[in-house]
Amino acid sequence: MRKHGRVPDLRALGAAALAAGLTVAAVRAADLGLDAQAITRAISLGQTSVAADLRRFHQPYRVDVSRAPVDYLEVVTPFRRIVLAAQARAGAGDRRWGQRQAIEIEAAAARQIDLYAELTFHPLNSLVLVPLYRIRIVLPSGELMSPRNTSSLPRYGPRVDGGLVPFTPTPLPGGPVPGRSQPMLGATILASFDGDAIAAVCNRRCDVLIEEEGKSRVQVPLSLADLK
């Protein structure tokens, strides 16, 4: 797994994003600070046995891209992070998972919004490592907001995660451990952003730039207005 460190100009870009967002402050955006009631609601939703309710909840957080090699983009807000955690633990049969664990998860990624890009590579590729991909936000000024950190994980074999991003800070592989002759079929790229900075820009609409260094560039529209 490849990791990249903090970007030095993040504070300056975040300040510019916050200033730009003042004009749309009245627009509802994702909740970044969760109180006890919000945490309880997130746990309850994640532990529900009604699959249709979970599908309806998760659907707005996925942005279909379908521009090779990017299949889709997923948004994980603080609220959804707890829903995903509760859902995963409920699926594992752990019904004791609750407030204490949820609070720990929120504290570990306080006011953070994660963007996951799911990639599929050509099946005849000869990749050994995941290429260097970056996910950044296009600011109104044309500057690019970089994430706090970025990580990537290869995928060998078909996706087996049910179409949901994992709740853990590091993406989980979508297939079996590779053998010597098994090709890398795809990858997950995770970019973690300062939630206040990204929400200020993306309340209504912003553009997410997904790029492989020196090669392809995919620009994806994103809105956080209707996400919890």
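Keep in mind that what you see is a predicted model, and the values were worked out from it rather than measured.

### What to know about the confidence of the model for the chain
Reasoning step 1: Of all residues in the chain, 78% have pLDDT values of 70 or greater, and the mean over the chain is 82.
Reasoning step 2: Confidence drops under a pLDDT of 50 for residues 3-8, and excluding neighbours within four residues, the segment shows nine contacts in the predicted structure.
Reasoning step 3: Overall, residues 13-27 carries pLDDT values under 50, and its contacts beyond four positions in sequence, including any with other chains, amount to 23 contacts.

### Focus on unusual backbone geometry
Reasoning step 1: Geometrically, the link from Ala68 to Pro69 is a cis peptide bond, its omega value of 5° lying close to zero.
Reasoning step 2: Relative to the elements of secondary structure, Pro69 occurs in the loop between β2 (62-67) and β3 (70-76).
Reasoning step 3: Look at Ser66: it is not a glycine, yet its phi comes out positive at around 55°.
Reasoning step 4: With respect to the secondary-structure elements, Ser66 resides in strand β2.
Reasoning step 5: Its relative accessible area of 64% is what places Ser66 among the exposed residues.
Reasoning step 6: Backbone geometry at Arg111 places phi at a positive 50°, although glycine is not the residue there.
Reasoning step 7: The exposure class of Arg111 is partly exposed, given its relative accessible area of 36%.

### Looking at the packing of helix α2 (residues 36-46) against helix α5 (residues 99-108)
Reasoning step 1: With their axes 10 Å apart at the nearest point, α2 and α5 run at an angle of 110° to one another. One element, α2, and the other, α5, form an angle in the roughly perpendicular class. Every residue of α5 that contacts α2 at Ala36, Ile39, Thr40 and Ile43 is listed here: Gln99, Ala102, Ile103 and Glu106.

### Notes on the pattern of salt bridges
Reasoning step 1: Under the criterion given, the structure shown has 14 salt bridges.
Reasoning step 2: In this structure, Arg100 and Glu104 form a salt bridge, with 3.2 Å as the shortest nitrogen-oxygen distance. Separated by four residues within a single helix, Arg100 and Glu104 lie in helix α5, roughly one turn from each other.
Reasoning step 3: In this structure Arg100 comes out as exposed when scored by relative accessible area, which is 53%.
Reasoning step 4: Between Asp196 and Arg111 there is a salt bridge, with its nearest N and O atoms 2.8 Å apart. Of this pair, Asp196 sits in helix α6 (residues 195-202) while Arg111 sits in the loop between α5 and β4 (112-120), and the two are 85 residues apart along the sequence.

### So, the packing of aromatic side chains
Reasoning step 1: Enumeration according to the criterion identifies two aromatic pairs in this entry.
Reasoning step 2: Centre to centre, the rings of Phe57 and Tyr61 are 5.0 Å apart; their planes meet at 45°, and the pair counts as tilted.
Reasoning step 3: Among the residues examined, Phe57 registers a relative accessible area of 11% and is labelled buried.
Reasoning step 4: By relative accessible area, Tyr61 is classed as buried at 3%.
Reasoning step 5: Among the aromatic side chains, those forming a connected cluster through ring pairs are Phe57, Tyr61 and Phe79.
Reasoning step 6: The lysine or arginine in question, Arg62, covers the ring of Tyr72, its NZ or CZ lying 3.6 Å from the ring centre.

### Digging into α2
Reasoning step 1: When α2 is considered as a whole, its buried residues turn out to be Ala38, Ile39, Ala42, Ile43, Leu45 and Gly46. In an axial view of α2, the angular spread of the buried residues amounts to 165°, which keeps them on one side of the axis. Along α2, exposed side chains directed more than 90 degrees from the buried face belong to Ala36 and Gln37.
Reasoning step 2: With a side-chain oxygen positioned 3.2 Å from the backbone nitrogen of Gln37, the residue opening α2 is Asp35.

Cut-offs and rules
Residues numbered from 1 in each chain as written. Predicted model: local features only at pLDDT ≥ 70, side-chain atom pairs only at ≥ 80, totals over all residues. Heavy atoms only, no water. pLDDT = per-residue confidence, 0-100. Contact = heavy atoms within 4.5 Å. Helix = DSSP H or I, 4+ residues; strand = E, 2+ residues; numbered from the N terminus. Buried < 20%, exposed > 50% of the residue type's maximum accessible area, 1.4 Å probe, protein only. Axes fitted to C-alpha atoms, helices over the stretch in contact; angles between N-to-C directions. Parallel < 35°, antiparallel > 145°, perpendicular 65-115°, else oblique. Salt bridge = Lys/Arg side-chain N within 4 Å of Asp/Glu carboxyl O. Phe/Tyr/Trp six-rings, centres within 6.5 Å; stacked < 30°, edge-to-face > 60°. Lys NZ or Arg CZ within 6 Å of the ring centre and 35° of its normal. Arc of directions from axis to C-beta. Polar contact = N/O pair within 3.5 Å; in protein donor to acceptor, adjacent residues only side chain to side chain.

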